[in-house]
Amino acid sequence: MSKPPVRVAVTGAAGQIAYSLLFRIASGDLLGKDQPVILHLIDLPPFLDAARGVVMEIEDCAFPTYAGSVVTADPAEGFGDVNVALLVGAKPRGPGMERADLLKDNGKIFIEQGDAIDKNAHPDVKVLVVGNPCNTNCLIAASRAKRTNPRNYTAMTRLDQNRAVGQLANRAGAMPGDVRNIAIWGNHSPTMFPNYYEATIGGKMVTEVITDEAWLKGDFISRVQKRGAEVINARGKSSAASAANAAIDHIYSWATGSVPGDYTSMAVVSDGSYGIPEGLVFSYPVKITAPWQYEIVQGQQLNEHALAAIKVTTDELLGERDAVKEMIAG
Ligand code: NAX
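Cut-offs used in this document
The residue count restarts for each chain, going from 1 along the sequence in the order it is written. Reporting of local features is limited, given that this is a predicted model, to residues whose pLDDT is at least 70; pairs of side-chain atoms are given and counted only at 80 or more, and all residues count toward the totals for whole chains, interfaces and linings. With hydrogens and water excluded, all non-hydrogen atoms of the structure serve as input to the side-chain values. Strands are runs of DSSP state E lasting at least two residues, helices are runs of H or I lasting at least four, and both sets are numbered from the N terminus onward. To sort residues, take the accessible area from a 1.4 Å probe on protein chains only and compare it with the maximum for the residue type: under 20% means buried, over 50% means exposed, and anything in between is partly exposed. By definition here, a salt bridge exists when the distance from a side-chain nitrogen of Lys or Arg to a carboxyl oxygen of Asp or Glu is within 4 Å. Distances are taken per atom, and a residue is near a molecule or strand as soon as one of its heavy atoms is within 4 Å of it. Two N or O atoms count as a polar contact when they lie within 3.5 Å, although within protein this holds only if one can serve as hydrogen donor and the other as acceptor, and sequence-adjacent residues are included solely when both atoms are side-chain atoms. All accessibility values rest on the Shrake-Rupley procedure with a 1.4 Å probe; residue burial counts only the protein chains present in the view. Cavities and pockets were defined on a 1 Å grid built from protein atoms only: a cavity is a group of points that admits a 1.4 Å probe but offers it no way out, a pocket is an open group of points flanked by protein on both sides within 12 Å along at least five of seven lines, and a lining residue is one with an atom within 4 Å of any such point. A cavity or pocket is said to hold a molecule if more than half of that molecule's atoms lie within 2 Å of its grid points. Domain ranges listed in this record stem from an automatic or a database domain assignment. In this description, strands pair whenever DSSP reports at least two bridges between them. The rule for a disulfide is simple: a pair of cysteine sulfur atoms within 2.5 Å.

K.L.:
Whenever I open this one, the side chain of E320 confuses me. Can you help?
P.N.:
Among the structural elements, E320 can be located in helix α11 (residues 304-323). On the basis of relative accessibility, which here comes to 2%, the residue E320 falls in the buried class.

K.L.:
Mind showing me how you'd approach unusual backbone geometry here?
P.N.:
In most cases, non-glycine residues show a negative phi, while peptide bonds are predominantly trans. A cis amide bond links N132 with the next residue in sequence, P133, at an omega value of -5°. Tracing the backbone through its elements, the reader meets P133 in the loop between β5 (126-129) and α5 (134-143). With phi around 60°, D81 is a residue other than glycine that occupies positive phi space. As for its position among the elements, D81 is in the loop between α3 (75-78) and β4 (84-87).

K.L.:
I tried to follow the pattern of salt bridges on my own but got confused; where do I start?
P.N.:
Overall, the coordinates contain 15 salt bridges when judged by the stated rule. With a shortest N-O distance of 3.7 Å, D105 and K108 are connected by a salt bridge. A residue pair is termed a helical-turn pair when its members lie 3 or 4 positions apart in one helix, as D105 and K108 do in helix α4 (residues 99-120) at three residues. For D115, the salt bridge goes to R144, with nearest N and O atoms at 2.9 Å. Taken together, the residues D115 in helix α4 and R144 in the loop between α5 and β6 (153-155) connect sequence positions 29 residues apart. The class for D115 is partly exposed, based on a relative accessible area of 23%. Accessibility expressed as a relative area gives 15% for R144, which makes it buried. Among the charged side chains, a salt-bridge network with shared partners connects R24, D29 and K33.

K.L.:
Explain the site of the ligand to me, please; I cannot follow it from the model alone.
P.N.:
For the ligand, the set of nearby residues contains 24 residues, the closest of which are Q16, I17, D43, V130 and N132. A distance of 3.5 Å is found between an oxygen atom of the ligand and a backbone nitrogen or oxygen belonging to G15. Here V130 contributes a backbone N or O atom positioned 3.2 Å from a nitrogen atom of the ligand. Burial of the ligand by the protein chains amounts to 81% of its free accessible area of 880 Å². When each cavity is represented as a set of grid points, the ligand is found to reside in the largest pocket. Broken down by secondary-structure element, the contributors of at least two residues to the shell around the ligand are α1 (16-26) and α4. In terms of domain composition, the shell around the ligand takes at least three residues from each of domain 1 (6-155) and domain 2 (158-321).

K.L.:
How should the sheet that holds strand β11 (residues 204-205) be read in this particular structure?
P.N.:
What holds strands together in a sheet is hydrogen bonding between their backbones, with the strands either parallel or antiparallel. Spatially, the three strands line up as an open sheet ordered β7-β10-β11, and their pairing is antiparallel. Where the open sheet ends on each side, the last strands, each with one partner, are β7 (179-180) and β11. As defined by bridge partners, β7 adjoins strand β10 (residues 200-201) across two bridges and the pair is classed as antiparallel. From the neighbouring strand, V179 faces β10, where its bridge partner is I201.

K.L.:
How should the state of the cysteines be read in this particular structure?
P.N.:
In the structure shown here, the tally under the stated rule is zero disulfides. The thiol of C134 is unpaired, and the distance to the nearest cysteine sulfur, on C138, comes to 8.0 Å. On the basis of relative accessibility, which here comes to 1%, the residue C134 falls in the buried class.

See below:
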């Protein structure tokens, strides 16, 4: 392989999402089958042995694109020279914990990691935040970006998009590949809005193919919004392989421009498009205009239902930003 290796950092490297994600990165699913990768596995000190065990297994896969690993608990070392940073590790919500406390505890992690990325990563680093609450964690990390570009800090709603595709395909008796242009608006939380009004199935508008409007407005939206909880109830654990798959999809689409349809969903730092307050990390339909370049899709006509739903998710994000306002001011 003639290309120089790309360095990809993954935090939460000993966790369950990483256990699916790291193998797919090493095998070339993230950046291409001709692109060697060096993995930077970052976790807390008590979990480094587990991360080393994962490295042993990756070695044992003998992937042609795997060019080595760094395992560390030190963010400066972990983000050193990395081209892509996948921030998966986060503090989970404990019993009885308030959402504001969760935001603040995670805020500390993402300030530290944001600083370490800004000081140590490649100046053109691309960041994807998966660890929840991912939009606001991303907002906090992006607020530390001085040398790096805040536009390159994104959060993951591709899993929500993929879940919406799955639901629509099932209902229409179609294949997932037939569903195009469904985008998630807002927060990765139960307030997100999967905008089916612009989406198509087999080239026809979703609303023409699925004429049961009550289902679209009701069960479809709420199922996508609450799919994470449905998986936990059934599996006893949160989504892992599907989350890893969505992280691969997010970065692969961004890096290559390959998206299923005209655009994909990414939570990005808002530039004020569609009246969303500037600076919020908000999921929009985005077009990949060139490798590693995105633009928020403009000119979508949002009807009353969509506007009302988007207001709810925007207000939630404003509340989250308010809860961490001292952190992002500093
Ligand atoms: P796990 O609990 O299995 O793993 C988390 C790992 O992160 C642990 O190994 C832990 O030691 C590590 N960690 C914690 N703090 C860290 C820090 N400061 N630096 C480095 N590592 C740290 O969780 P997992 O199931 O892998 O989920 C990870 C995160 O993804 C959670 O926050 C979860 O809520 C979030 N999710 C986000 C999704 C999305 O669509 N955006 C969907 C899936 C998932 O729920």
